[in-house]
Amino acid sequence: MILAILEISKNALSEASWEVLTAARDLAQKTNSSVAALLVGKGAQALASTLKGVGAVLVADDQRLDSFIPDAFAQIVSSAIAQKSPKIVIAPGTETGNDLMARVAARLNLGLATNCTEFVVENGALKRVTRSNWGGSLLEEVEILSSPILLTLQPHAIPAQMSDGHTPTVEALPVALSEKDFRVRMKELIPSEKKGISLTDAKVVIGGGRGMGSAEAFKMLEELASLLHNAAVGATRVATNNGWRPHSDQIGQTGAQIAPDLYIACGISGAIQHMVGCKNSKKILAINKDPEAPIFQRADYGVIGDLHQVVPALVAELKRLKGV
Amino acid sequence: MKVLVCIKRVPDTGGGFKLTADNMRVDTTNVGFAVSPHEECAVEEAIRIVEKHGGSSTVLTLGPQAAGEQLREAIAKGITGAMLLEADDYEFWDPAATAQAIAEAVKPLGFDILLFGNESADACNYQVGVRVAHLLDLPCVTGIKALEIQNNRAIAKRETKDGWEVYEVPLPAVFTVKEGINTPRHPSLRGIMSAKKVPIEQRKVTRPAPQLVRKALKKPQEGRQLEILGQGVDAVPKIIEKLREVGAI
Ligand SMILES: Cc1cc2nc3c(=O)[nH]c(=O)nc-3n(C[C@H](O)[C@H](O)[C@H](O)COP(=O)(O)OP(=O)(O)OC[C@H]3O[C@@H](n4cnc5c(N)ncnc54)[C@H](O)[C@@H]3O)c2cc1C
Ligand SMILES: Nc1ncnc2c1ncn2[C@@H]1O[C@H](COP(=O)(O)O)[C@@H](O)[C@H]1O
């Protein structure tokens, strides 16, 4: 059996959960086994009936599980593994998925391969996985010696496919939790103030790097963004570390992962740790005064020049076109 | 407060990775070394906790002798002690093995706060901190971007799409830290000089039987074809054209 751990977000299955189901069905087919999905949390029961194309849905629905309570969830997943003896357990490689599976792996003293992107099945058995290293700039092929095999799936690595297969049986799992499982528990959620278009939702992102030179200079990127549809401003780690922009604007391995239609990189050298955050952009346009800058090897469009001249000229031309 | 912070030495390769001939490692010839930005912030947080509440801070790494460079960098910024678990093959340690060795080394020392990066820069396993917490039977909050200590309790915050999640746990506790929790300071010249004299407590550690075994590293496909739009302001009309193509204007 392949056990697929699904994630509930706002009373629905998360996007990453559908990808996990797709991967689980694929693994089940290649290893000639079945898929059981595990849904944990308040409201899980109601969602179970919406699932198709898996053999069984295991449900741990409990009033107390009204948010992600890491150790409680880990206890439930660990006991499901003990009861059902799956060969492979796969969960989303999201923040909660990785946190949860790390706790499960620690409790069961098993290996865990996080953020997998590919699976190698030979003679009906999972032999190796490919997982993301350096935030996705490198890939690592790994053999997993412990059993059952615990995995998390890199989000967006495998496109989700819906299945109209048969309706599964639904089985309620007993929820036996101790006080200690509630030791780490969210006590409050402070809603974020919505301020403009977020980096991850924007259709155009304009990024500024060391070449901007100052916090002041970012004003022209803000102005450029205001002249475009659905645009937001981002930055490199040099810009955030210098205090020119808040860290929430940082794009890259330890910042935001963006996927706009167009990314305009201004005064950015194109370090891999930055580029891994914008590699899913449809097009990348780089403005850099150094023709040898590595970003020109990682971009679709290049402008060789001083951004302090190019950006103001672009802003002026856009204003002229718009008649403002 | 007695604070521990764990860091990992990794190659600092902004330009791109070169792999060794056997594809098992990143070629580090002529490459500098760094630690993950998350860990730099964990170091800064440890220094700030001790500045505010008193006590001591210890930086720990499992790695080669050369990782003394990263330990001394942390000391130069204000960390008070250092520990090296020496293992030349540290890149091949799986997260369970690393966690086991760290837990064994720190268990007798009774830290109040144990800080890790949310994930290491190279391996990105997302689990050493969580595993150490389990081995020491301590509560663990992952991916935090704010930490406050009050009366032997910690208030930690995680930032999500929906807002700030607030957690409160009793100490001792483990936290895995994300960049953005603070802005790390640079070491002072005096700090750099005196860091040279701080002794590093070292012991050799050997790798237990692995659960995960690296078979190879490989580079993902990169496929973009560059079109030069022009030099300087002459490129503006072409840029406008591209903006139109994506519907930005
Ligand atoms: C583990 C790890 C994680 C990291 N995570 C991130 C991350 O999440 N995000 C991130 O951004 N970085 C990250 N980094 C840092 C990264 O490696 C680079 O150091 C950083 O991205 C460089 O930023 P930059 O391009 O702004 O600066 P530089 O590399 O200094 O490049 C500046 C560029 O600006 C150009 N320039 C200068 N003046 C002008 C001008 N007037 N007009 C036009 N061009 C000009 C220069 O030619 C140069 O190419 C990480 C590093 C490590 C080790
Ligand atoms: N070799 C190591 N030495 C010291 N700390 C480590 C080591 N490997 C990982 N860590 C710590 O554990 C965190 C998570 O690592 P990982 O589970 O590999 O993503 C890192 O950010 C470090 O704080």
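Every chain's residues receive numbers from 1 upward, in the order its sequence appears when written. Chains carry letters from A onward and ligands carry numbers from 1 onward, assigned in written order. Side-chain atom pairs in this predicted model are given and counted only at pLDDT of 80 or more, local residue features only at pLDDT of at least 70, and totals for whole chains, interfaces and linings cover all residues. Remark: hydrogens and water are excluded; side-chain values derive from all non-hydrogen atoms of the structure.

To continue, consider the overall build of chain A. Starting at the N terminus, helices and strands are each numbered in turn, a helix being any DSSP run of H or I of at least four residues and a strand any DSSP run of E of at least two. What chain A contains, in helices and strands, is eight helices and 17 strands. With respect to the three principal axes, the spread of C-alpha positions in chain A is 65 × 45 × 35 Å. For chain A, buried positions account for 57% of its 324 residues. Note on contacts: a residue pair is in contact if any heavy atoms of the two residues lie within 4.5 Å. The long-range fraction of contacts in chain A, counting pairs at least 24 apart against all pairs at least 6 apart in sequence, stands at 62%. Burial status follows relative accessibility: with a 1.4 Å probe on protein chains alone, a residue under 20% of its type maximum counts as buried, one over 50% as exposed, and anything between as partly exposed.

Secondary structure assignment for chain B yields six helices and 13 strands. Seen through its C-alpha atoms, chain B measures out along the principal axes to roughly 65 × 45 × 40 Å. Counting every position in chain B, which comprises 249 residues, the buried fraction comes to 56%. Contacts in chain B between residues far apart in sequence, at least 24 positions, make up 70% of those at least 6 positions apart. For chain B, the exposed surface amounts to about 10,800 Å²; the carbon and sulfur share of it is 49%. Charge convention: Lys and Arg are scored as positive, Asp and Glu as negative, and His as well as the terminal groups of each chain are ignored. Where a charge lies is defined by one atom per residue type, namely NZ (Lys), CZ (Arg), CG (Asp) and CD (Glu). Separation between the mean location of the 32 positive side-chain charges and that of the 32 negative ones in chain B comes to 1 Å. To be clear on the numbers: accessible area is Shrake-Rupley with a 1.4 Å probe, and residue cover counts the displayed protein chains and nothing else.

Right, let's get into the site of ligand 1. We call a residue near a molecule or strand when any one of its heavy atoms sits within 4 Å of it. Residues in close proximity to ligand 1 total 30 residues, the closest being Arg210, Thr236, Ile251, Ser269 and Gln273 of chain A. Neighbouring residues of ligand 1 are distributed over chains A and B. Separating an oxygen atom of ligand 1 from a backbone N or O atom of Gln253 of chain A is a distance of 3.0 Å. Burial of ligand 1 by the surrounding chains reaches 86%, relative to a free accessible area of 990 Å². In this analysis the probe radius is 1.4 Å and the grid spacing 1 Å, with only protein atoms considered; a cavity is a set of points the probe fits into but cannot get out of, a pocket is an open set with protein on both sides within 12 Å along at least five of seven lines, and lining residues have an atom within 4 Å of a point. Just a note on the criterion: a molecule sits in a pocket or cavity if more than half of its atoms are within 2 Å of the grid points. Given that more than half its atoms are within 2 Å of the pocket grid, ligand 1 belongs to the second largest pocket. Nonpolar residues are Ala, Val, Leu, Ile, Met, Phe, Trp, Tyr, Cys and Pro. Charged residues are Asp, Glu, Lys and Arg, and all others, Gly as well, are polar. Among the residues making up the shell around ligand 1, the classes are represented as nine nonpolar, 15 polar and six charged. Here a polar contact means two N or O atoms within 3.5 Å. Within protein one must be a hydrogen donor candidate and the other an acceptor candidate, and residues neighboring in sequence count only if both atoms are side-chain atoms.

Residues and elements named next belong to chain A. On the secondary structure map, Asp71 appears in helix H3 (residues 70-84). Owing to a relative accessible area of 12%, Asp71 belongs among the buried residues under this scheme. Excluding residues that lie within four positions of it along the chain, Asp71 makes contacts with Arg103, Arg107, Asp181 and Val184.

Next up on the list: the interface of chain A and chain B. Each side of the interface is counted separately: chain A has 90 residues, and chain B has 81 residues. In this assembly, chain A packs against chain B so that about 7,300 Å² is buried in total across both faces, 56% of it on carbon and sulfur atoms. Accessible-area loss on putting two parts together, using a 1.4 Å probe and summing over both, is the definition of buried area adopted here. Ranking the residues of chain A by area buried against chain B places Trp134, Leu138 and Arg183 of chain A at the top, with a combined share of 9%. In this structure, Glu143 of chain A and Lys215 of chain B form a salt bridge, with 3.0 Å as the shortest nitrogen-oxygen distance. Where chain A packs against chain B, one counts 47 residue pairs in polar contact (both at pLDDT 80 or more). No other element matches helix H4 (residues 95-108) of chain A, which puts eight residues into the side of chain A that touches chain B. The pairing criterion is simple: DSSP has to find at least two bridges between the two strands. Pairing analysis gives four bridges linking strand S17 (residues 301-304) of chain A to strand S13 (residues 227-231) of chain B, with the strands arranged parallel. Among the inter-strand pairings, Tyr301 of chain A is bridged to a residue of S13 of chain B, identified as Glu227 of chain B. By convention in these notes, a salt bridge is any Lys or Arg side-chain nitrogen within 4 Å of a carboxyl oxygen on Asp or Glu.

This part covers the confidence of the model for chain B. Residue and element names in this part refer to chain B. Averaged over all residues, the pLDDT of chain B is 97; the fraction at 70 or higher stands at 100%. A residue's pLDDT is the predictor's confidence in that residue, given on a scale from 0 to 100. For chain B, per-element mean pLDDT is lowest for helix H5 (residues 189-195), which scores 95, and highest for strand S6 (residues 113-117), which scores 99. Scoring of the predicted complex yields 0.97 for pTM and 0.97 for ipTM.

What follows concerns the layout of surface pockets. Considered as a void within the structure, the second largest pocket measures approximately 1,000 Å³ in volume. Lining the second largest pocket are 44 residues; nearest its centre among them are Arg210, Thr236, Arg237, Val238 and Ala271 of chain A. Listed by contribution, the elements that provide at least two residues to the lining of the second largest pocket are helix H6 (237-241), helix H7 (272-275) and helix H8 (307-322) of chain A together with strand S2 (10-12) and helix H1 (37-53) of chain B. Across the lining of the second largest pocket, the residue classes tally to 14 nonpolar, 21 polar and nine charged. Grid points are joined across faces, edges and corners, and a volume is the space filled by probe spheres set on the points.

Residues and elements named next belong to chain B. The local shell around ligand 2 holds 18 residues, among which Cys6, Ile7, Glu39, Leu62 and Ser120 are the closest. In the environment of ligand 2, an oxygen atom lies 2.6 Å from a nitrogen or oxygen atom belonging to the backbone of Cys6. Here an oxygen atom of ligand 2 sits 2.6 Å away from a polar atom, N or O, in the side chain of Glu39. Of the pockets mapped on this structure, ligand 2 occupies the largest cavity.

Per the stated rule, a full pass over the model turns up 44 salt bridges over all chains. The residue Asp137 of chain B makes a salt bridge to Lys180 of chain A at a minimum N-O spacing of 2.9 Å. Linking Asp137 of chain B in the loop between helix H4 (128-135) and strand S7 (140-150) with Lys180 of chain A in the loop between strand S11 (169-172) and strand S12 (186-191), this pair reaches from one chain into another. The partly exposed category is assigned to Asp137 of chain B, whose relative accessible area is 41%. Owing to a relative accessible area of 42%, Lys180 of chain A belongs among the partly exposed residues under this scheme. Across the pair Glu44 of chain B and Arg185 of chain B runs a salt bridge, and its minimum N-O distance is 2.9 Å. Highlighted residues: Glu44 of chain B in helix H1 and Arg185 of chain B in the loop between strand S10 (173-177) and H5, separated in sequence by 141 residues.

We now examine the domain arrangement of chain A. Residues and elements named next belong to chain A. Throughout, the edges of the domains are those of an automatic or database domain assignment. In terms of domains, chain A is made up of domain 1 (2-182) and domain 2 (204-322). On a C-alpha basis, the centres of domain 1 and domain 2 stand 37 Å from each other. Taken together, the four residues of domain 1 in the interface contact five residues of domain 2. Buried surface at the junction of domain 1 and domain 2, both sides included, amounts to about 370 Å², of which 51% is carbon and sulfur. For domain 1, the biggest contributors to the area lost against domain 2 are Trp134, Gly135 and Ser137; these three give 84% of the whole.

Let's shift gears to the pairing of strand S6 (residues 88-92) of chain A. Residue and element names in this part refer to chain A. Counting buried residues along S6, five of its five residues qualify, which places the element largely inside the surrounding structure. When strand S1 (residues 2-6) meets S6, the two strands line up parallel, connected through three bridges. If you follow Ile2 over to S6, its bridge partner there is Ile88. The pairing of S6 with strand S10 (residues 149-153) spans five bridges and is classified as parallel.

So, on to the sheet that holds strand S13 (residues 204-208) of chain A. The strand order S14(A)-S13(A)-S15(A)-S16(A)-S17(A)-S13(B) describes an open sheet built from six strands, whose pairing is parallel. Every other strand in the sheet has two partners, leaving strand S14 (231-235) of chain A together with S13 of chain B as the edge strands with one partner each. Averaged over all neighbouring strand pairs, the angle between strand axes comes to 20°, with direction disregarded. For every element, the axis is a line fit to its C-alpha atoms; helices are fit only across the contacting stretch, and the angle between N-to-C directions ranges from 0 to 180 degrees. Relative to strand S16 (residues 283-288) of chain A, H8 of chain A is tilted by about 125°, and along the sheet it contacts strand S15 (262-266), S16 and S17 of chain A.

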